[in-house]
Amino acid sequence: MPEAPILVIRRLSKGFPGVRALAGVDFFLRRGEIHALMGENGAGKSTLIKVLTGVYPRDGGEILFEGRPFAAGSPHKAQEQGISTVYQEVNLVPNLSVAENLLLGRQPTRAGLIEGREMKRRAEAILKRLNLHVDVNQLLGDYSIAVQQMVAIGRALEFESKILILDEPTSSLDAGEVEQLFKVMRKLKAEGHAILFVTHFVEQVYAVSDRITVLRNGELVGEFETVRLPKVELISKLLGKALHDLERVATAKGEAPLSERVGEPVLRVQGLGKEGVLERFDLEIHAGEVLGLAGLLGSGRTELASLIFGIEKPDQGEVVVQGEKVRLNSPLRALQSGIGLCPEDRKSEGIIEDLSLRENIILALQVKQGWFRNIPRARQEEIAQRYIKVLDIRTPTAAQAIKNLSGGNQQKAIVARWLATQPSLLILDEPTRGIDVGAKAEIQKLIISLSDKGMAVLFISSELDEVLRCADRIAVLRDKAMVGKLSADQMDEQVIMRTIAHTDKVGAEPR
């Protein structure tokens, strides 16, 4: 007879004003398994986790943990009882040491004083279980996100957690770091831990999970054994619609040559760079063109966008915007020159959580217009409603706090903010990171649509297939330098990877 699940959730319900987050959801988790929880943004994944760990009270249903009724009360109490969560944004203290983070609140003491040597020994023993060898006396903030996540997992082990929830743990990791995390997950699984793995990455689910639960619009779609569920069926269940939405969106551009579809240069950059940030580079983007930036994490893609938008001040080179030489030495100057930037980190650099959706949408336009020329409330509503409709932002009202929207809808709101300024060049830095398959397809279609209407788009993504799908040309970066420019007939995943790996800079400005 199979062992009883360690966690059983029955008919779980949770709502917020105007939003039904969970509607009678069932879920169960076994010891010694990796269970993937998937769904589009707004499907209810985060709400389920937050109800389970005591962030939110449930409206209905029941939770059984080890066969007994369970209500955490708070994340700390959930952890004390054996349920720990490691979030995408690591919830530790960066200005404390690794050892202090691992044992915070549980430090070994003698006569009221912390035993530093014993704390170091215990911290190293915890990390040894994860095959992680770092200086535990070093500040946590000095280490990469990958190491910080391992420390968060180590802290969960220190609490003798029986259930480990990993919420989008791979979003900011490179391929090698992802594989190291998977090795740790498999080791913990073999030790009998139950792991709930929340992710948007289909390939990763098939690489590491045993079962998959799919949610959609707050409801349970189904629970499946990973090996028995074809990828095509999984994507269909995630979307709840036909897969034609995921077909190559770039076909909308037609077969006309690039030279016939684009207009005059919107941006021309020559010898732009900043010592220690990015080597000098040349770049040209035309009206109606999508220029993709490809490269590994840390290659310089975001730094390039920051130099163009004036976040980083270049110490060399020149910039010409629509035929006029300009000094883009601040974001305000870039905004006034018709350039918009949707940043890589929408949480800390994009949305303002405590403002409404309407206020977030009109923010950049208000800055461009000047704070002493306040946009009338009726005009604000008109602008917000226009882009809510155009971008299909799912919200009960424009007055909804943006923090209550799903990640995909938050991303659309940031795009709406910049579209409201009517830019000639829109820079999109990882616009589809951390959002579901359906929202990702909608963003990609929007990129093509904007270029069709004559806007120049600089599109940055760590997913090569996405860059290939959307871009007319691609610039490749490696180690803070531009190492190649690929025209349409050169654009191929293998070519990009070879360009990244090549020891010499290749390619020329194609026109």
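Residues numbered from 1 in each chain as written. Predicted model: local features only at pLDDT ≥ 70, side-chain atom pairs only at ≥ 80, totals over all residues. Heavy atoms only, no water.

(A) How the structure looks around helix α16 (residues 437–452). Here α16 is 16 residues long and its end C-alpha atoms lie 23 Å apart, about the 22 Å a rise of 1.5 Å per residue gives. For α16, the buried fraction is high: 12 of the 16 residues fall into the buried class. Looking only at α16, the buried set comprises Val437, Gly438, Ala439, Lys440, Ala441, Ile443, Gln444, Leu446, Ile447, Ile448, Leu450 and Ser451. After α16 finishes, the residue Gly454 shows a positive phi value of roughly 105°. (Helix = DSSP H or I, 4+ residues; strand = E, 2+ residues; numbered from the N terminus. Expected span 1.5 Å × (residues − 1). Buried < 20%, exposed > 50% of the residue type's maximum accessible area, 1.4 Å probe, protein only.)

(B) Quick look at the nonpolar core. Counting 81 residues, the largest nonpolar core has Leu283, Leu304 and Ile474 as the members making the most contacts within it. Top element by residues in this core is helix α15 (residues 407–419). It accounts for 6 residues. What Ile474 contacts, discounting residues up to four positions off in sequence, is Leu291, Gly292, Ala294, Val467, Leu468, Gly484, Lys485, Leu486, Met491 and Ile496. Of all hydrophobic cores here, the second largest spans 36 residues; its members include Ile34, Leu127, Leu173 and Met185. (Core = buried A, V, L, I, M, F, W, Y, C linked by side-chain atoms within 4.5 Å. Contact = heavy atoms within 4.5 Å.)

(C) The arrangement of the packing of α15 against α16 in detail. Across the interface, α15 lies against α16 with an axial gap of 10 Å and an inter-helix angle of 15°. It follows that α15 is roughly parallel to α16 by the angle criterion. At the point where α15 passes α16, the crossing takes the left-handed sense. Listed contacts from α16 to Gly408, Gln411, Lys412, Val415 and Leu419 of α15 are Ala439, Glu442, Ile443, Leu446 and Leu450. Taken together, the residues that form the contact of α15 with α16 break down as 6 nonpolar, 2 polar and 2 charged. (Axes fitted to C-alpha atoms, helices over the stretch in contact; angles between N-to-C directions. Parallel < 35°, antiparallel > 145°, perpendicular 65-115°, else oblique. Left-handed = near helix turned anticlockwise from the far one by under 90°. Nonpolar A, V, L, I, M, F, W, Y, C, P; charged D, E, K, R; others polar.)

(D) Focus on the state of the cysteines. One pass over the structure, following the stated rule, counts 0 disulfides. We note that Cys342 lacks a disulfide partner, and the nearest cysteine sulfur, in Cys470, lies 14 Å from it. Residue Cys470 is classed as buried on the basis of its relative accessible area of 1%. (Disulfide = S-S within 2.5 Å.)

(E) View of the pattern of salt bridges. Using the criterion set out here, one finds 31 salt bridges in the structure. Among the ionic pairs, Glu33 bridges to Arg211, the shortest N-O distance being 2.5 Å. With Glu33 in strand β3 (residues 33–38) and Arg211 in strand β11 (residues 211–216), this residue pair connects regions lying 178 residues apart in the sequence. Notably, a salt bridge pairs Lys403 with Asp354, separated by 3.2 Å at the nearest N-O pair. Separated by 49 residues along the polypeptide, Lys403 in the loop between α14 (377–390) and α15 and Asp354 in the loop between α12 (346–350) and α13 (357–369) bring together distant segments of the chain. You can call Lys403 partly exposed: its relative accessible area is 43%. Judged by relative accessible area, which is 66%, Asp354 ranks as exposed. When salt bridges with common partners are traced through the structure, they connect Arg31, Glu66, Arg68 and Lys162 into a single cluster. (Salt bridge = Lys/Arg side-chain N within 4 Å of Asp/Glu carboxyl O.)

(F) Layout of the pairing of strand β21 (residues 473–478). For β21, the tally of buried residues reaches 6 of 6 residues, placing the bulk of the element in the interior. Going residue by residue along β21, you find Arg473, Ala475 and Leu477 tucked away on one face and Ile474, Val476 and Arg478 tucked away on the opposite face as well. As paired strands, strand β15 (residues 290–294) and β21 are joined by 4 bridges and run parallel to one another. Each residue of the ladder has a partner; that of Ala294, found in β21, is Val476. Here 5 bridges tie β21 to strand β22 (residues 481–486), and the two strands are oriented antiparallel to one another. From the neighbouring strand, Arg478 faces β22, where its bridge partner is Ala481. (Pairing = 2+ DSSP bridges.)

(G) Geometry of the sheet that holds strand β5 (residues 68–69). With antiparallel pairing, the 4 strands of this open sheet are ordered in space as β2-β1-β4-β5. Looking along the sheet, the strands with just one partner apiece sit at the ends: β2 (19–29) and β5. In this structure, strand β4 (residues 60–65) lies alongside β5, joined through 2 bridges in antiparallel fashion. Bridge pairing in β5 places Phe65 opposite Arg68. Packing against the sheet, helix α1 (residues 45–52) makes contact with β1 (7–16), β2 and β4, and its axis sits at approximately 110° to β1.

(H) Local environment of the side chain of Gln380. Position of Gln380 among the secondary structure elements: in helix α14. For Gln380, the side chain forms a polar contact with the side chain of Arg358, separated by 2.4 Å. Residue contacts for Gln380: discarding those within four places in its chain leaves Arg358, Ile362, Asn374 and Ile375. (Polar contact = N/O pair within 3.5 Å; in protein donor to acceptor, adjacent residues only side chain to side chain.)

(I) Geometry of the pairing of β1. Sheet topology places β1 next to β4; 5 bridges connect them, and they run antiparallel. Across the sheet, the residue bridging to Ile9 is Ile63, located in β4. In this sheet, β2 lies alongside β1 in antiparallel orientation, the contact comprising 7 bridges. Its bridge partner being in β2, Phe16 is matched across the sheet by Val19. Between β1 and β2, which pair antiparallel one after the other, the connecting turn spans 2 residues, and Gly18 there sits at a positive phi close to 80°.

Honestly, it's all geometry; don't read function into it.
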